[in-house]
Every structure is written in structure tokens, then in C-alpha cells.
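Overview (structure and organization)
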Amino acid sequence: MFRPIALLAFCCWLGFESPVRAEDWATKMFDETRYDFGKVARSAKVEHYFKFKNPYVEDVHVASVRTSCGCTTPRVSQETVKTYGEAAIIAHFNTDQFVGQRSATLTVIIDKPFYAEVQLNVAGYIRQDIILNPPFVDFNTLDVGQSAERTLELSYAGRSDWRVLGVKSGRSFLEAEAVEVSRANGQVRYQLKVQLKPGAPSGYLNEQIVLQTSDAAAPELPIGVEGRLETSLTVSPSSLFLGVLQPGQKVTKQIVVQGKQPFKITEVVASDKNFEFKTGDVAKKVHLVPIVFTAGSEPGNVNYRIQISTDLGSDVVGEIAAYAQINGPSTTAQAAPTK
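Residues numbered from 1 in each chain as written. Predicted model: local features only at pLDDT ≥ 70, side-chain atom pairs only at ≥ 80, totals over all residues. Heavy atoms only, no water.

**So, the sheet that holds strand 9 (residues 137-143)**
Quick reminder of the rule: Note on pairing: two strands pair once DSSP finds at least 2 bridges between them. Here a strand is any run of E in DSSP of at least two residues, a helix any run of H or I of at least four, and the numbering for each starts at the N terminus. To get an axis, a line is fitted to the C-alpha atoms, and for a helix only the part in contact is used. The angle between two axes follows their N-to-C directions and goes from 0 to 180 degrees.
As summarised here, the arrangement of the four strands in space is 9-15-14-11, forming an open sheet in which the pairing is mixed. If you trace the sheet from one side to the other, it starts and ends with strand 9 and strand 11 (164-169), each paired once. For this sheet, the mean inter-axis angle between neighbouring strands, taken without regard to orientation, is 25 degrees. The sheet contact formed by strand 11 and strand 14 (residues 203-213) spans five bridges and is antiparallel. Directly across from serine 169, in strand 14, lies its bridge partner isoleucine 209.

The structure is reproduced here in C-alpha cells:
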């Protein structure tokens, strides 16, 4: 693990040529470090999630995030990220306070397991001739498979011939149309109807629809679509790291299984015989399920699937992934096992 080794040793393990590049370990956690919002409407809710994942055994802790420009406000979805855990630095573009071309550098300060700084860059152009009300499409909380419709109003001030030519969606479960409401003296109003159809995956909905306009300088205008789709059964964590273990070592973990109505867990099955589970026979909305795992004799990275069946029906099944690294007699691990 990281604790007994020096930073220099850690850098060497990662393949760095010198401690000067020591902070590369932090940057490599991020999917991307730059994002362009493009041209967006004034007052629109515009955010980007810089996602990152902790592939290391040690916890990663984000101490703070600072911004170089008031046009962008950053926040952290989760300050402490455990092994295989995922989080994001969320960049909120302040379209209600600024107009024109804007850019910002977000500096992410990480203080554990080692100090590091990661710089993220955002840019975009905030149009003052287009206003959305409300600023984004919010479906709130829905059940998976449930349909819903939301309506927004778009106001444009400028060219008398400006038009919305169409609406694009990259998702089959999102449909939208724009209907012109009024046009006079360079003022144009559209009503945007957005439909959520069955087929959207469970979890947080963070999508976009794109208006296609007659403006040659800015032919597309993105609009955010948000919501949360819940299933009747949730299991957390969705990914369980069992630890860095010696052969024969036993470890106990716990998962939470939650439903919208009281239920019984009828069976818990793993893809390996080295698991033991203990469940009750009482129907309730929340179950705490202890998991006992005994490491096998073969060293290496191992992964398993755990499936939870209930009395809510054969189609209501929970599933999580479990991972472990089993060491040999002289193995010392600094990174988490590869998925």
C-alpha cells in the first residue's frame, strides 16, 4: 500500500522518470481535463462533469477546488473516493451573470494519499440574445420505464428571420419539438416540448437536446436535460472492493439492499464458492447484508458477480461487482486490481 513507501518509490512504480512528474498519478484519474461548452443561451443551466476514478488502494481525498474566473463555479460531487470509487468535479457555467466569451481554469487540490494539483479548463460563449425559461429540462424523480413531458419557453431578440429548424437528441428515449408561438419586431418566442419515453437507464439522467437554428454563426444550441430514474430495488455500493488479501485471509463487508416497499431477500448467489451471506426472513424496505469472503490460494487479481433475488418478482434482481487482489508470499501492491 501507499503508506509504507516514499513518494519517489510510488513515482517509480508508476513508471515516472523523476519526481517532477509525480502529480501525473492524479491527472491520470480524470477522463478529460478540457471542455468547451460551445455557444449557450443566457440563463441556461450549463454544467460539465469532469469524471475521475480512483484505481489505487489508498483513498483519494479532494481538499478543495479553486477557479480563476467567476464565470465558472466548481464543486466536488464526493470529497473522499475509495478504491474503484468514482466522483466528479462539476463545472457550473454562470450564464445568468456573464455574457460573451468566457473561460476558466479549475485547480483541483488533492491532499491524500499525496499532495497533487490537477488543472481543468473550461470555455464557452454565453449568448445574450436567447433566454430559456426554465433554464433546463428537469424531469425530477421518476420510476424506470415511466413517461413524462416537460415544456420550456425560448425567447430570442435580434434578426426577424431567426428560426428553430429542428431539434436533435442522441438518445432514443428523448424526443423534442419546437413550436413557434409569436414573432414581431425582432422578438421570437418558441415553446419547446420534451418527452421522456421508456428505455432510459436507471440512475442520474444528465443528457442534452440540441436546437438547430438558422443562425449560420451558431447553428446549434444545447439544452440540458436532467432527472433521476429509480428502480424498485437498489444495491450499494455498486462496486465492492474486498481488499488486498493473503491466501486464506477472511474479510467481512456489508452491502445495503433497498426497495420502495417492504420485501424479503430470497437468495444471494456469487460467482465463487468462497463467499458466505447472511440474510433474514423479515420483509422490510432496507436490508443490511453481511458478506464474508475467504481469499483463495492462487495469487492475482480476481473479480466476481453477486446477485440478489427477492420476493418482488423474478425481474426484480440486484447485482453488484466485487473485486480483490490476492497476494503471493512476497507480493506488495500499490494499485488496485485491474477490472
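The structure having been displayed, the exposition proceeds.
**Details of the nonpolar core**
Within soluble globular proteins, side chains that are nonpolar tend to cluster in buried spots. Convention followed: To define a nonpolar core, start from buried Ala, Val, Leu, Ile, Met, Phe, Trp, Tyr and Cys residues and group those joined through side-chain atoms within 4.5 Å. Accessibility here uses a 1.4 Å probe with only protein chains present; expressed as a share of the type maximum, an area under 20% marks a residue as buried, one over 50% as exposed, and anything in between as partly exposed.
If you look at the biggest cluster of nonpolar residues, it comprises 58 residues, and the most contacted ones within it are Trp25, Met29, Ile110, Phe139, Leu154 and Leu196. No other element matches the seven residues that strand 8 (residues 116-133) contributes to this core. Formed by 26 residues, the second largest nonpolar core is a distinct cluster that contains Phe293, Ala295, Val316 and Ile326.

**Digging into the packing of aromatic side chains**
Convention followed: Here a pair means two rings of Phe, Tyr or Trp (six-membered ring of Trp) with centres within 6.5 Å. Their orientation is stacked below 30 degrees between planes, edge-to-face above 60, and tilted elsewhere. Put simply, a charge is over a ring when the Lys NZ or the Arg CZ is close to the ring centre, within 6 Å, and near the line of the ring normal, within 35 degrees.
Counting across every chain of the model gives 13 aromatic pairs. Pairing phenylalanine 275 with phenylalanine 277 gives two aromatic rings, centres 6.0 Å apart and planes at 0 degrees, and the pair type is stacked. Relative accessible area serves as the criterion here: at 8%, phenylalanine 275 is assigned to the buried category. Taken together, the ring pairs connect Phe275, Phe277, Phe293 and Tyr304 into an aromatic cluster. In this arrangement the basic side chain of lysine 39 is found over the ring face of tyrosine 125, its NZ or CZ atom lying 5.6 Å from the centre.

**Some points on the confidence of the model for the chain**
Here is the rule we go by: Known as pLDDT, the predictor's per-residue confidence is scaled from 0 to 100. Residue contacts are counted whenever heavy atoms from the two residues lie within 4.5 Å of one another.
Summary statistics for the chain give a mean pLDDT of 88 and a share of 90% for residues scoring 70 or more. Segment residues 1-20: pLDDT under 50, and 32 contacts once partners within four positions in sequence are set aside and those in other chains are kept.

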